[in-house]
Amino acid sequence: MSVRLFEGRDHAAAYLQYRVTPDELISTVMSYMKNKEPNQCNLAVDVGCGSGQGTVLLAPYFTKIVGTDVSPAQLEMALTNENPPNVSYRECPAEKLPFASGEVDLVMAVTAAHWFDREKFLLEADRVLRPGGCLALLSYSMNIELEYGDVSNTTLNDISGNDAFYFSE
Ligand SMILES: C[S@@+](CC[C@H](N)C(=O)[O-])C[C@H]1O[C@@H](n2cnc3c(N)ncnc32)[C@H](O)[C@@H]1O
């Protein structure tokens, strides 16, 4: 079951002001993707994008980037950013993403995946990612417990041939 916090207007404004942006981790994810398949950077989805601080960092690398979040207040803040023209936002839960199967090159979640219904989210990420696409879960700590049936944290990399990252800020 997902946990819903961060959704109020005041919280969203404070978050935009104080959040430290994860530039270095995004560079690591992108180096990995570019080494693996240099020309496969069409669509990236930043799930639980909040006010979009991670979302905009993907703009130089992808043709199109969509930030998604359940919170209208967070998305409202995201729209106050100076967003590059290839960045847009959608209101939707992480567990039901508005993308066709196999359409997405990168599914990323920055300090957000621990709030999702993980089993449903991982299934959904698996559905929308193209074969060989990348799932990057970025967080402050490596101690996030990911569960997917009885699959262990270390073997999640193997889901459907996609790559799963657990990066720590
Ligand atoms: C800690 S904030 C991180 C925001 C942003 N990724 C960042 O790094 O600044 C977590 C975000 O996840 C969103 N969220 C929580 N549960 C969600 C769900 N089930 N589906 C989509 N978004 C969710 C919250 O609304 C919030 O904006």
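Residues numbered from 1 in each chain as written. Predicted model: local features only at pLDDT ≥ 70, side-chain atom pairs only at ≥ 80, totals over all residues. Heavy atoms only, no water.

- Naming follows an unreviewed UniProt entry, where the protein chain appears as Si:ch211-93g23.2 of Cyclopterus lumpus.

**Considerations on the pattern of salt bridges**
1) Next: In total, this model carries four salt bridges according to the counting rule given.
2) Next: Shared partners join several salt bridges into a network, and the residues in it are Glu37, Asp105 and Arg130. (Salt bridge = Lys/Arg side-chain N within 4 Å of Asp/Glu carboxyl O.)

**Concerning the nonpolar core**
It is characteristic of soluble globular proteins that their nonpolar side chains tend to be buried jointly.
1) Next: One finds Met30, Leu58, Phe62, Ile65, Leu106, Met108 and Leu138 to be the most contacted residues of the largest nonpolar core, which totals 22 residues.
2) Next: When residues in this core are grouped by element, the largest group, five residues, is from helix H2 (residues 23–36).
3) Next: Not counting residues up to four positions away in its chain, the partners in contact with Ile65 are Ala44, Thr55, Leu58, Ala59, Asn86, Val87 and Ser88.
4) Next: In terms of nonpolar packing, the next biggest core, distinct from the first, is built from 21 residues, Ala112, Ala113, Phe116 and Leu135 among them. (Core = buried A, V, L, I, M, F, W, Y, C linked by side-chain atoms within 4.5 Å. Buried < 20%, exposed > 50% of the residue type's maximum accessible area, 1.4 Å probe, protein only. Helix = DSSP H or I, 4+ residues; strand = E, 2+ residues; numbered from the N terminus. Contact = heavy atoms within 4.5 Å.)

**A look at the pairing of strand S3 (residues 87–91)**
1) Next: The pairing of strand S2 (residues 64–69) with S3 spans five bridges and is classified as parallel. Looking at S3, one finds that Thr68 is bridged to Arg90.
2) Next: Each parallel crossover has a hand, and for S2 linked through helix H3 (residues 72–80) to S3 it is right-handed. (Pairing = 2+ DSSP bridges. Right-handed = clockwise from strand over helix to strand, strands pointing away.)

**Notes on the packing of aromatic side chains**
1) Next: Applying the stated criterion across every chain, the model contains one aromatic pair.
2) Next: Centre to centre, the rings of Phe116 and Phe121 are 4.9 Å apart; their planes meet at 65°, and the pair counts as edge-to-face. (Phe/Tyr/Trp six-rings, centres within 6.5 Å; stacked < 30°, edge-to-face > 60°.)

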